[in-house]
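If you want the building blocks of each chain, they are given just below.
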Amino acid sequence: MTDDGRDNLTITHDTLSIELGTAREVISRTLKSLEKEGLLLLSRGQISHILREDLKKYIEQ
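Position labels on residues start from 1 in each chain and follow its written sequence. The model is predicted, so local features are restricted to residues of pLDDT at least 70 and side-chain atom pairs to those at 80 or more, both for listing and for counting; the totals for chains, interfaces and linings are taken over all residues. Think of the side-chain values as coming from all heavy atoms in the structure, minus any hydrogens and water.

A. Seen up close, the nonpolar core. Side-chain atoms within 4.5 Å are what join buried Ala, Val, Leu, Ile, Met, Phe, Trp, Tyr and Cys residues into a set we call a nonpolar core. For the exposure calls, accessible area comes from a 1.4 Å probe over protein chains only, and a residue counts as buried if that area is under 20% of its type's maximum, exposed if over 50%, partly exposed in between. Residues Ile11, Leu16, Ile27, Leu31, Leu34, Leu39, Leu40, Ile47, Ile50 and Leu55 constitute the largest nonpolar core, which totals 10 residues. For this core, the secondary structure elements donating two or more residues are helix 2 (24–36) and strand 3 (46–50). Put simply, DSSP marks the helices as runs of H or I at least four residues long and the strands as runs of E at least two long, and each gets a number from the N terminus on. At three residues, the largest contribution of residues to this core is made by helix 2.

B. View of unusual backbone geometry. Positioned with a positive phi, histidine 49 is a non-glycine residue whose angle comes to about 50°. Within the fold, histidine 49 resides in strand 3. Under the relative-accessibility criterion, histidine 49 is labelled partly exposed at 34%.

C. Representation of the packing of helix 1 (residues 13–20) against helix 2 in the model. Angular values range over 0 to 180 degrees, each being the angle between N-to-C directions of two axes fitted as lines to C-alpha atoms, with helices fitted over their stretch in contact. Where helix 1 contacts helix 2, the two axes come as close as 8 Å, and the packing angle between them is 110°. Considered as vectors, helix 1 and helix 2 are oriented roughly perpendicular to each other. Once helix 1 is placed against helix 2, the crossing between them reads as right-handed. Note on element contacts: helix 2 touches helix 1 through Arg24, Ile27, Ser28 and Leu31, opposite His13, Asp14, Leu16, Ser17 and Leu20. Charged means Asp, Glu, Lys or Arg here, nonpolar means Ala, Val, Leu, Ile, Met, Phe, Trp, Tyr, Cys or Pro, and polar covers whatever is left, Gly included. Here the contact of helix 1 with helix 2 is built from residues that sort into four nonpolar, three polar and two charged. For this classification, under 35 degrees means roughly parallel, over 145 means roughly antiparallel, 65 to 115 means roughly perpendicular, and everything else is oblique. Rotating anticlockwise by less than a right angle from the far helix to the near helix defines a left-handed crossing, while the corresponding clockwise rotation defines a right-handed one. When checking whether two residues touch, look at their non-hydrogen atoms; a contact exists if any pair is within 4.5 Å.

D. Quick look at the sheet that holds strand 1 (residues 7–10). The strand order across the open sheet formed by three strands is 1-3-2, and the pairing between neighbours is antiparallel. Strands at the two margins of the open sheet, each flanked by one partner only, are strand 1 and strand 2 (41–43). Direction aside, neighbouring strands of the sheet carry axes that sit 15° apart on average. Sheet analysis places strand 2 next to strand 3, joined by three bridges and oriented antiparallel. Residue pairing for strand 3: leucine 42 is matched across the bridge by isoleucine 47. Pairing between two strands requires that DSSP report at least two bridges joining them.

E. How the structure looks around the environment of leucine 41. Examined against the element boundaries, leucine 41 turns out to sit in strand 2. Overall, the relative accessible area of 42% leaves leucine 41 in the partly exposed class. Here the alpha-carbon distance between leucine 41 and glutamate 25, two residues 16 residues apart in the chain, equals 17 Å.

Written out as structure tokens, the structure reads:
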């Protein structure tokens, strides 16, 4: 967790899809949607600035 309370995760979409048992395309599409909502930032092999509490609220909707 960073000083501003945001989380960072170093993982590729491919690795995440294997871990979750789904297609890489599904992971990419979902993460891109979450990025559009402002809940995280994507870069090569990195998911950063994850707003954990806001992400929980988004999922619970």
